[in-house]
Amino acid sequence: QFTDKGIQAGLFGLIIAGVIAAILGAPAVITEPRAPLALVLAAVTTHLMGEDLPPDQILILALLVVFMAGALQVLFAMLRLGTLVKFISYPVIAGFLNGAAVLIVGTQVWNLMGVAPHPADLLGELRPFATVVGLTTAIVMWNGKKITTKLHGSILGLLAGSAVHYALLFGLGESYVGAVVGEIPSGMPTPHYAADMLHADAFFSYAPFLFIASFSLAILGSIESLMTSVAMQSQTGARANANRELLGQGLGGMVASAFGGMSAAAAIGPSQ
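Summarised in this report is the structure supplied together with it. (Residues numbered from 1 in each chain as written. Predicted model: local features only at pLDDT ≥ 70, side-chain atom pairs only at ≥ 80, totals over all residues. Heavy atoms only, no water.)

Further remarks concern the overall build of the protein. Each helix and strand in the protein was counted, giving 13 helices and 2 strands. In the protein, 77% of the contacts between residues at least 6 apart in sequence involve partners at least 24 apart. For the protein, the exposed surface amounts to about 15,400 Å²; the carbon and sulfur share of it is 69%. Here the protein holds 10 positive side-chain charges and 13 negative ones, and the gap between their average locations is 23 Å. (Helix = DSSP H or I, 4+ residues; strand = E, 2+ residues; numbered from the N terminus. Contact = heavy atoms within 4.5 Å. Areas by Shrake-Rupley, 256 points an atom, 1.4 Å probe, with all protein chains shown as cover. Lys, Arg positive; Asp, Glu negative; His and termini not counted. Charge placed at Lys NZ, Arg CZ, Asp CG, Glu CD.)

Okay, structure coming up:
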């Protein structure tokens, strides 16, 4: 029921945090929602769901985590902690990112097969045509540059997967290929979550947990952003300003949370 909120969080994080980070952060660096950050927020919402909180309260607390993570990044910049990135080795970052990839595959494999997580009767519930749609999307996305350089592989994958889905839907019906996400509210975003975060009554009951989650989010986002900034300086010739990048990322996350957006970080792929 809250899938549309998740999609909005990604889009607003991309647009709002991305624009602010581009203006205030390091040059030639593209900011977007990242999988490791999404995993942290997924862990936060999963834990809070176990506390039997209303869904609206869970959403507000998750956005508070995003806001606090941004505030911590601003604090890191003011304390000039960005220079510490030079002590982090590339194998550590590679291991973390690959670990995150494995975790994502483990959580999405059920969706790829069109069944509920850990089904009682896997063979009985399996939807092979849903797997066809998912694999088509992944293959086209992976080979996007071979098809055309005018569109990003993710866009090509979405177009190809959607085309296959609706072709199968027309020929076979929804029971074979699965349902769609549903309508996403349109219109200009407003920072209406800011007031909700200020009056989050459940915050103090979960403050230690939320702070730890926000600290994790801030550290992960900072490391990935700073590594990207350093990597891009060899292509732009401009010296990377680590603390400026942290300031842009932090303010971007704080503002995005007020609009319902998730955390974002600089990414080496789109930056190149």
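We are not done yet, so read on.
The subject of this paragraph is empty space enclosed by the protein. Unfilled space is identified by rolling a water-sized probe across the atoms. Counted according to the given criterion, the structure contains 2 cavities of 30 Å³ or more. Its volume calculated, the largest cavity comes out at about 60 Å³. Taken together, Leu37, Ala69, Gly70, Gln73, Leu217, Gly221, Gln249, Gly253, Ser263 and Ala264 make up the lining of the largest cavity. Of all the secondary structure elements, the ones that give two or more residues to the lining of the largest cavity are α3 (55–78), α11 (207–236) and α12 (242–258). Residue classes in the lining of the largest cavity are distributed as 4 nonpolar, 6 polar and no charged. (1 Å grid on protein atoms, 1.4 Å probe; cavity = no way out; pocket = protein on both sides within 12 Å on 5 of 7 lines; lining within 4 Å. Points joined across faces, edges and corners; volume = space filled by probe spheres on them. Nonpolar A, V, L, I, M, F, W, Y, C, P; charged D, E, K, R; others polar.)

Right, let's talk about the pattern of salt bridges for a bit. Under the definition given, this model contains 2 salt bridges. With a shortest N-O distance of 2.7 Å, glutamate 32 and arginine 34 are connected by a salt bridge. For arginine 34, the salt bridge is made with glutamate 224, and the minimal N-O distance between the two is 2.8 Å. Here arginine 34 is found in the loop between β1 (31–32) and α2 (35–49), whereas its partner glutamate 224 is found in helix α11, with 190 residues between them in sequence. (Salt bridge = Lys/Arg side-chain N within 4 Å of Asp/Glu carboxyl O.)

With the exception of glycine, the majority of residues adopt a negative phi angle, and the majority of peptide bonds are in the trans configuration. Phi at aspartate 52 takes a positive value of approximately 60°, unusual for a residue other than glycine. Among the secondary structure elements, aspartate 52 is positioned in the loop between α2 and α3. For aspartate 52, a relative accessible area of 68% puts it in the exposed group. For arginine 80, which is not glycine, the phi dihedral falls at a positive 60°. With respect to the helices, strands and loops of the structure, arginine 80 is situated in the loop between α3 and α4 (90–112). Using a relative accessible area of 57% as the deciding quantity, one classes arginine 80 as exposed. (Buried < 20%, exposed > 50% of the residue type's maximum accessible area, 1.4 Å probe, protein only.)

So, on to the packing of helix α6 (residues 128–142) against helix α8 (residues 153–172). Contact pair α6 / α8: the axes reach a minimum separation of 7 Å and the direction vectors enclose 155°. Taken together, α6 and α8 sit at an angle that is classed as roughly antiparallel. Like other packed secondary-structure pairs, α6 and α8 cross with a definite hand, here right-handed. Of α8, the residues touching α6 (which contributes Phe129, Val132, Val133, Thr136, Thr137, Val140 and Met141) are Gly153, Ser154, Leu156, Gly157, Leu158, Ala160, Gly161, Val164, His165, Leu168 and Leu172. Counted by class, the contact of α6 with α8 contains 11 nonpolar, 7 polar and no charged residues. (Axes fitted to C-alpha atoms, helices over the stretch in contact; angles between N-to-C directions. Parallel < 35°, antiparallel > 145°, perpendicular 65-115°, else oblique. Left-handed = near helix turned anticlockwise from the far one by under 90°.)

Let's shift gears to the side chain of asparagine 243. Within the secondary structure, asparagine 243 is located in helix α12. A relative accessible area of 8% means that asparagine 243 is categorised as buried. One polar contact links the side chain of asparagine 243 to the main-chain amide nitrogen of leucine 81, over a distance of 3.4 Å. The contact partners of asparagine 243, leaving out residues within four places of it in the chain, are Phe76, Ala77, Arg80, Leu81, Gly82 and Thr83. (Polar contact = N/O pair within 3.5 Å; in protein donor to acceptor, adjacent residues only side chain to side chain.)

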